[in-house]
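Here is how the chains run, residue by residue.
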Amino acid sequence: MAIVLIAVAVSLLGLLPLGYVVVTAALTGWTELSGLVFRPRVGELLVNTIGLVVVTVPICAVVGVLAAWLVERTTIPGARVFAVLLAAPLAVPAFVNSYGWVSAIPSLNGLWSGVLIASLSYFPLVYLPCAAALRRLDFTVEEAAASLGTGPWRVFFRVVLPQLRLPLLGGSLLVGLHLLAEYGAFAMIRFDTFTTAIVDQYRSTFNGPAATALAGVLVLCCLFLLVGESAGRGRARYARIGSGVARAARRRPLGALTPLGWAFLAGVFVLSIGVPFWSVLRWIVAGGAAAWADGVVVSALAQTVLYGAIGAAVTCGLAFPIAFLAIRFPSRMARALESINYVTSSLPGIVTALALVTVSIRLVQPLYQTAVLVIVAYLLMFLPRALVNLRAGLAQVPPGLEEAARSLGRPPAAAFLGVTARFIAPSALAGAALVFLGIVNELTATLLLAPNGTRTLAIQFWSQVNDINYAGAAPYALLMIALSLPVTYLLFAKSRLVSAP
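Presented here is a report on the structure given in the accompanying data block. As the structure is a prediction and not an experimental result, all values here were calculated from the model.

**A word on the nonpolar core**
Moving on, step 1. One finds Tyr99, Tyr127, Leu179 and Phe461 to be the most contacted residues of the largest nonpolar core, which totals 152 residues.
Moving on, step 2. Ranked by residue count, the leading element in this core is helix 20 (residues 371-395), at 15 residues.
Moving on, step 3. In terms of domain composition, this core takes at least three residues from each of domain 1 (1-14 + 288-500) and domain 2 (39-236 + 258-285).
Moving on, step 4. When neighbours within four sequence positions are excluded, phenylalanine 461 is seen to be in contact with Phe95, Val96, Tyr99, Met188, Ala473, Tyr476, Ala477 and Met480.

Rendered as structure tokens:
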């Protein structure tokens with residue numbers, strides 16, 4: 001019974017951001033709300049945001065699929081090394097990537113600069129699932145098509161690409177949601193989107209109705225992406241009936257195109273990792289030992305690790321009841337509780353932060369600007385990262401093992417800890433690591449909710465950048481990358497393990 005109550009409470013909490021937007025809009029009234037929504041500024045933001053999504057998502061899709069195909073299905077030299085290197089951009093926050101490019105080319109601004117930085121930051125969200133899917137595909141289907149006289153390129157477009165539909169759509173959805181939520185990367189290049197406008201509106205005038213109107217339009221954009229991705233899946237069958245052939249796919253020689261393919265992979269890596277990393281190192285050298293001598297660096301690192309560890313532990317702990325109900329007691333209620341959290345996490349962090357600020361000020365003022373509110377925001381934003389992993393872990397534990405332990409005289413709690421908890425520990429740790437990665441790189445919600453005096457790596461980095469102190473920002477950027485790299489490698493290794501034949 002306690003598990004059900006906790007799962008319901010967490011899911012009801014997850015409805016807070018959507019409820020905030022709806023209730024605030026209703027209280028504002030249609031006359032004032034329409035005046036705030038239907039104005040030239042909102043139209044400009046809508047054009048910028050839609051243009052960013054429409055251009056960037058296809059670029060990420062093409063780069064991700066092509067990179068996955070080159071490293072998984074061709075004889076290109078260094079394929080195994082590139083397979084790891086192309087996942088590395090996930091360890092570099094988009095706002096750090098923007099910092100690196102602005103350091104190298106200070107004149108960057110506008111839509112195309114945003115497309116460049118966003119594409120280099122987010123293409124791994126398409127690359128990783130597509131690479132995993134390519135390793136799972138039954139190669140005999142491609143051989144059968146080739147035996148019927150179909151050329152290599154037609155085999156790819158008519159046989160392979162349709163089977164990548166789900167990972168391609170899923171990865172593209174994640175790219176789109178990240179674009180709607182991103183603040184720092186676009187603020188640094190002076191490109192206005194809904195998220196940058198909401199943050200600026202809130203921080204400059206604390207204008208609730210104006211910020212809420214923008215947040216409402218942003219929520220509609222998110223829901224549009226979710227519905228579009230769901231409709232794009234179709235009803236085609238993607239699972240094979242039998243076990244397939246247990247052998248690796250035959251890699252295709254590129255021939256004269258090998259230098260071009262290698263240059264493409266090397267170029268993507270250099271642009272996505274080389275430029276920002278070189279800029280960070282350049283500013284660290286320029287700042288010298290003085291940049292590290294400030295005690296704030298150590299304090300920011302400690303606070304980031306502390307927030308990350310507590311946030312990951314709380315999120316995994318509260319995600320477990322939902323995952324447990326979904327696996328052990330599947331029902332409509334369990335699916336509804338799970339779905340609420342997926343929808344909530346798809347909303348930009350700025351919307352979640354605004355909801356928590358408003359509720360805390362009006363109903364639970366003692367929580368305003370406390371660490372508790374920050375942890376709640378992390379819970380709402382990153383709970384699915386833990387939930388997906390816990391679900392997978394629980395699904396692999398036969399309930400009969402725990403029942404057998406009870407039949408041998410162990411109390412229910414001891415049976416759970418001795419059997420189920422041991423089996424799901426790796427999945428729980430993977431989920432906690434992904435939540436930790438999200439917290440380390442989170443900026444907007446932390447900026448709005450953190451108590452006075454909070455100094456996370458992201459906050460300190462942003463503070464130094466706002467002061468045009470790029471040398472002072474470099475140590476914080478390097479530490480964020482250093483904390484994120486092991487988690488990114490864990491994500492890459494897990495994707496290969498899950499997809500192994």
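**Some words on a nonpolar patch on the surface**
Moving on, step 1. A surface patch of nonpolar side chains, amounting to about 350 Å² of accessible area, comprises Leu363, Val364, Leu367 and Val372.
Moving on, step 2. Tracing the sequence through the fold places valine 372 in helix 20.
Moving on, step 3. By relative accessible area, which is 48% here, valine 372 ends up partly exposed.

**Observations regarding empty space enclosed by the protein**
Moving on, step 1. All told, the structure shown has one cavity of 30 Å³ or more when counted by the stated rule.
Moving on, step 2. As a volume, the largest cavity reaches approximately 30 Å³.
Moving on, step 3. Around the largest cavity sit Thr304, Tyr307, Tyr378, Ile439, Val440, Glu442, Thr456 and Ala458, which together line it.
Moving on, step 4. Mapped by element, the contributors of at least two residues to the lining of the largest cavity are helix 17 (296-328) and helix 22 (412-440).
Moving on, step 5. Of the residues that constitute the lining of the largest cavity, the class distribution is five nonpolar, two polar and one charged.

**A short note on the pattern of salt bridges**
Moving on, step 1. Applying the stated criterion across every chain, the model contains three salt bridges.
Moving on, step 2. Its salt-bridge partner being arginine 41, residue aspartate 192 comes within 3.3 Å of it at the nearest N-O pair. In this pair, aspartate 192 sits in the loop between helix 12 (184-188) and helix 13 (194-205) while arginine 41 sits in helix 4 (residues 40-73), placing the two residues 151 residues apart along the sequence.
Moving on, step 3. Take aspartate 192: its relative accessible area is 27%, and that puts it in the partly exposed class.
Moving on, step 4. Looking at arginine 41, the relative accessible area reads 30%, which means it is partly exposed.
Moving on, step 5. Close ionic contact of glutamate 338 with arginine 391 constitutes a salt bridge, the shortest N to O distance being 3.2 Å.

Reading the values: the criteria
- Residues numbered from 1 in each chain as written.
- Predicted model: local features only at pLDDT ≥ 70, side-chain atom pairs only at ≥ 80, totals over all residues.
- Heavy atoms only, no water.
- Core = buried A, V, L, I, M, F, W, Y, C linked by side-chain atoms within 4.5 Å.
- Buried < 20%, exposed > 50% of the residue type's maximum accessible area, 1.4 Å probe, protein only.
- Helix = DSSP H or I, 4+ residues; strand = E, 2+ residues; numbered from the N terminus.
- Domains from an automatic or database assignment.
- Contact = heavy atoms within 4.5 Å.
- Patch = residues over 30% accessible without salt bridge, like charges linked within 9 Å, V, L, I, M, F, W, Y side chains within 5 Å.
- Areas by Shrake-Rupley, 256 points an atom, 1.4 Å probe, with all protein chains shown as cover.
- Salt bridge = Lys/Arg side-chain N within 4 Å of Asp/Glu carboxyl O.
- 1 Å grid on protein atoms, 1.4 Å probe; cavity = no way out; pocket = protein on both sides within 12 Å on 5 of 7 lines; lining within 4 Å.
- Points joined across faces, edges and corners; volume = space filled by probe spheres on them.
- Nonpolar A, V, L, I, M, F, W, Y, C, P; charged D, E, K, R; others polar.

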